[in-house]
Amino acid sequence: MSAPTHTRPHPATRGGVGTRLPWWALALPTLAFITLLALILNPADAQAATGDPLLAHVLERLRDLLAR
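The structure contained in this document is the topic of the report that follows. (Residues numbered from 1 in each chain as written. Predicted model: local features only at pLDDT ≥ 70, side-chain atom pairs only at ≥ 80, totals over all residues. Heavy atoms only, no water.)

1. Topic: the pattern of salt bridges
Per the counting criterion, the structure on display carries 1 salt bridge. Here R63 and D64 are joined by a salt bridge, their closest N and O atoms 3.8 Å apart. Residue classification places R63 among the exposed residues on the basis of a relative accessible area of 56%. We classify D64 as partly exposed; its relative accessible area is 28%. (Salt bridge = Lys/Arg side-chain N within 4 Å of Asp/Glu carboxyl O. Buried < 20%, exposed > 50% of the residue type's maximum accessible area, 1.4 Å probe, protein only.)

This is the structure in structure tokens:
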């Protein structure tokens, strides 16, 4: 007595929805990596939080990195 065979279902069709990453999916990890790398390269600049505005501090670090 032979067993019945089952046919394989058709593979799902590939749609274009969700195949591309948004711009921030690459930008945010890259920014985090660069920031942590900058802190590792110059740990003397890693200070506790002070009353300085965050944006001014980030721009100053960016200027220092680009000046090297």
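Right, picking up where we left off after that structure.
2. Some remarks on the side chain of R61
Tracing the backbone through its elements, the reader meets R61 in helix α2 (residues 54–67). Overall, the relative accessible area of 14% leaves R61 in the buried class. In terms of polar contacts, R61 uses its side chain to reach the backbone carbonyl oxygen of A38, at 3.3 Å. (Helix = DSSP H or I, 4+ residues; strand = E, 2+ residues; numbered from the N terminus. Polar contact = N/O pair within 3.5 Å; in protein donor to acceptor, adjacent residues only side chain to side chain.)

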